[in-house]
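Single-letter residue listing:
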Amino acid sequence: MKWSEIGLIILALSAVAGLFSVVTGGQQTIEYEDSIPVETDPLVLLERDFAQICFGSGWREVPSASTDTIVKSMDLLDTISVHQANLYITRTLRIHGFSHVVTYLVPDTGLSFLCHTPDGEPMRFELNDTSR
């Protein structure tokens, strides 16, 4: 047997071994979902959804009218109308379990949404129309 024939046999055996390791190793799955925490706070989820129609990276803290009411504020993007934002926000509130009570049109400011969180706490969300 020549050296070239021995080399070809070793190459063929290593190819078969490599194919075997690829086929049997492909059955192992790595699950990354366990390491990623799932957000469950309804205010954080609401903030993420409102980010599609509002400026900024998050809520602006606003002094509350009473000590038990949560008050949050954001500025409306100038590409979205107030009417579209009203519809989007009321739907998003319902999706995240907030009970929407009423929406007020505040002249020269925007909209004010009164609702209750899923835990029953009163909340006011102010949407400022910056295009005025």
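Residues numbered from 1 in each chain as written. Predicted model: local features only at pLDDT ≥ 70, side-chain atom pairs only at ≥ 80, totals over all residues. Heavy atoms only, no water.

Caption draft 1: Region of the structure containing the side chain of aspartate 75. Within the secondary structure, aspartate 75 sits in strand 2 (residues 70–76). Engagement of the side chain of aspartate 75 in a polar contact is seen with the side chain of asparagine 128, the distance being 3.2 Å. Apart from the residues within four sequence positions on either side, aspartate 75 is in contact with Ile53, Cys54, Phe55, Arg60, Leu127, Asn128 and Thr130. (Helix = DSSP H or I, 4+ residues; strand = E, 2+ residues; numbered from the N terminus. Polar contact = N/O pair within 3.5 Å; in protein donor to acceptor, adjacent residues only side chain to side chain. Contact = heavy atoms within 4.5 Å.)

Caption draft 2: Region of the structure containing the pattern of salt bridges. Under the criterion given, the structure shown has one salt bridge. With a shortest N-O distance of 2.9 Å, arginine 124 and glutamate 126 are connected by a salt bridge. The residues arginine 124 and glutamate 126 share a single accessibility class, namely buried. (Salt bridge = Lys/Arg side-chain N within 4 Å of Asp/Glu carboxyl O. Buried < 20%, exposed > 50% of the residue type's maximum accessible area, 1.4 Å probe, protein only.)

Caption draft 3: Inspection of helix 3 (residues 82–95) at higher detail. Counted at 1.5 Å a residue, the expected span for helix 3 with its 14 residues is 20 Å, and the 20 Å between its end C-alpha atoms agrees. Against helix 2 (42–50), strand 2, strand 3 (99–106), strand 4 (110–116) and strand 5 (122–129) lie the buried residues of helix 3. Positive backbone phi, at 85°, marks glycine 97, one or two positions downstream of helix 3. (Expected span 1.5 Å × (residues − 1).)

Caption draft 4: Expanded view of the packing of aromatic side chains. All chains considered together, the criterion is met by two aromatic pairs. Seen from their ring centres, phenylalanine 50 and phenylalanine 125 are 4.7 Å apart, and the 45° between their planes marks the pair as tilted. Of this pair, phenylalanine 50 sits in helix 2 while phenylalanine 125 is found in strand 5, placing the two residues 75 residues apart along the sequence. The exposure classification of phenylalanine 50 matches that of phenylalanine 125, with both residues buried. Ring geometry for phenylalanine 113 against phenylalanine 125: centres 6.1 Å apart, planes inclined by 35°, an arrangement best described as tilted. On the criterion of sequence distance, the pair formed by phenylalanine 113 in strand 4 and phenylalanine 125 in strand 5 is long-range, its members being twelve residues apart. Phenylalanine 125 carries the same exposure label as phenylalanine 113, and that label is buried. Members of the aromatic cluster, each reached through a chain of ring pairs, are Phe50, Phe113 and Phe125. (Phe/Tyr/Trp six-rings, centres within 6.5 Å; stacked < 30°, edge-to-face > 60°.)

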